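Residues per chain are reported as follows:
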Amino acid sequence: MSFELLRGRVARGDPKLHQRLRRRVALAGLGLLMVACGSASQATSSSAGTDLLSKLKAAGVINIGLANDPPASIINPDGSVSGEGPVVVQMIMKQLGINQVHGIVGTFGELVPGLEAGRWDMIGGVISVTKARCAVVQYTDPFQFNGIEIAWFPSAVPQAPTSIGDVGKRGLTVGFNSGSSYIALAEGLGVAQDKVLQFPDTASLLDALQSKRIQVIISDTGSLTLTPAQVQKYPLQHLDYPPDGPFIAGALAFRKTDTTLYNAFQKAFRAMKASGEFDKIAAEFQFPPIPAQYANLTPAQVCAKVT
C-alpha cells in the first residue's frame, strides 16, 4: 500500500485499517516487551553469575589501588607492593588462592572513584574511614587509629602550632596528600583554601616542606615516620593528636557488590587479628597494635562514629 493511499484511508477513518493498525501496534509492543524481558533476564543472570573471587582465583592475580604513603602502603622500585595494608592483602590473598598482588598507584582522592570505575579490584592501601566513603564502599574492620599529626621545621615555624585551628588562624601554608579527607576538616577549622597545597605522596610533602613551598604538613600520625638518615635531612617537630582533631580510623575497602570476596577477606582478616599475626605485621611497619577499646570495632560501628 502506497503512503498516499494509506494516509487517505486513515483520514477517512477506515475501521478495518484502524483495527489492523491497532493489532500491529499491540504485536510490536508485545515483541518489544519480550525483548526487554529477555534482556533484563540475561542481565540479571549475568550479574547473579558474576563472582569476582572466582575470577581472581582463575586469573591468579588481584589489582589493588593504593596511595604511595609509607609505611602504610608502599610501591617498591621494582613495582612490588609493601607496607602494612598491602602485606595484609598479600597474606590473605594467598590463603584465598590468589598468589599475585599487583599495585596501581593513585592519590587518596582517586582511590574510591577508581574502585567504582573498575580500575582496581579493591583498595589495598590504608584509607581513612569517612561518612561519605561509607556510603559508597564496604570497609574492612578498621585497624589504624593514628589520629592527625601536624609537622613542621622549627627553623621555619619557631612558634609551635597548638591545633589545626591555630594553623589556620596564623595563616600558615599547609601541605596534604592529594585527595586527603583532612583537607575539608582543616578548612572547616579555619585553614583558608588558598593556604592548601596537595602533593601525590609523602616524599613530595617532605620536599615541599624543605623547599619552603609549605610551612606545615597535616597527615596521619605515623605516616611521617622517618629512618635515621631521613631524620638528619628532615628535622621535623610534631604535634600528635591535636585537640581539635576528630576520631580517625583507617581500613581497606571493597565495592559493596563484591560480597563473596569481601566476606572471605573479612573472615581471614579477623582470624589474623585473633591469632596475633596482624600485630606482627603492624610492628614490622612501626605501627602500634589495635587499641584494646577498638579491637572488635566493626565497619558499621566505625561508620557511625566518623564524620
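Since this is a predicted model, take the numbers as computed values, not measurements.

Each value, and the rule that gives it
- Chains are numbered independently. Their residues run from 1 in the order of the written sequence.
- Local features in this predicted model are restricted to residues of pLDDT 70 or higher, and side-chain atom pairs are both shown and tallied only at a pLDDT of 80 or more, whereas totals for entire chains, interfaces and linings draw on every residue.
- Only hydrogens and water are set aside when side-chain values are computed; all heavy atoms of the structure are taken into account.
- In this analysis an axis means a line fitted to C-alpha atoms, helices contributing only their contacting stretch, and an angle means the value between N-to-C directions, from 0 to 180 degrees.
- Comment: elements are numbered from the N terminus, with helices defined as DSSP H or I runs of at least four residues and strands as E runs of at least two.
- Convention used here: angles under 35 degrees read as roughly parallel, angles over 145 as roughly antiparallel, angles from 65 to 115 as roughly perpendicular, and any remaining angle as oblique.
- Left-handed describes a crossing whose near helix is turned anticlockwise from the far helix through less than a right angle; right-handed describes the clockwise counterpart.
- When checking whether two residues touch, look at their non-hydrogen atoms; a contact exists if any pair is within 4.5 Å.
- Disulfide: a pair of cysteine sulfur atoms within 2.5 Å of each other.
- Burial status follows relative accessibility: with a 1.4 Å probe on protein chains alone, a residue under 20% of its type maximum counts as buried, one over 50% as exposed, and anything between as partly exposed.
- Any residue that is not Ala, Val, Leu, Ile, Met, Phe, Trp, Tyr, Cys, Pro, Asp, Glu, Lys or Arg is counted as polar, Gly included; the first ten are nonpolar and the last four charged.

**Student:** Talk me through the packing of helix α4 (residues 84-95) against helix α11 (residues 259-275); I want residue IDs and the actual numbers.
**Tutor:** For the pair α4 and α11, interaxial distance at closest approach is 10 Å and the crossing angle is 110°. Compared by their axis directions, α4 and α11 come out roughly perpendicular. For α4 against α11, the interelement crossing comes out right-handed. Note on element contacts: α11 touches α4 through L261, F265, A268, F269 and M272, opposite V88, V89, M91, I92, M93 and Q95.

**Student:** With reference to specific residues and values, describe the state of the cysteines.
**Tutor:** A disulfide bridge is the covalent bond that connects two cysteines by way of their sulfur atoms. According to the stated counting rule, one finds one disulfide in the structure shown. Note on cysteine connectivity: C134 is disulfide-linked to C303, with sulfurs 2.0 Å apart. Measuring the twist about the S-S bond at about -85°, one finds the C134-C303 disulfide to be left-handed. In this pair, C134 sits in helix α6 (residues 131-134) while C303 sits in helix α13 (residues 299-305), placing the two residues 169 residues apart along the sequence. With a relative accessible area of 10%, C134 lands in the buried category. Since its relative accessible area comes to 17%, C303 is described here as buried.

**Student:** Go over the packing of α11 against helix α12 (residues 277-284) with me, naming the residues and quoting the values.
**Tutor:** When two helices pack together, their arrangement is given by the angle between the helix axes and the distance between those axes. Between α11 and α12, the least distance of the axes is 4 Å, while the angle of their chain directions is 80°. Between α11 and α12, the interaxial angle falls into the category roughly perpendicular. Of the residues in α12, those in contact with F269, M272, K273 and S275 of α11 are E277, F278 and I281. In terms of residue class, the contact of α11 with α12 is made up of four nonpolar, one polar and two charged.

Functional significance is not addressed by these values, which are geometric in nature.
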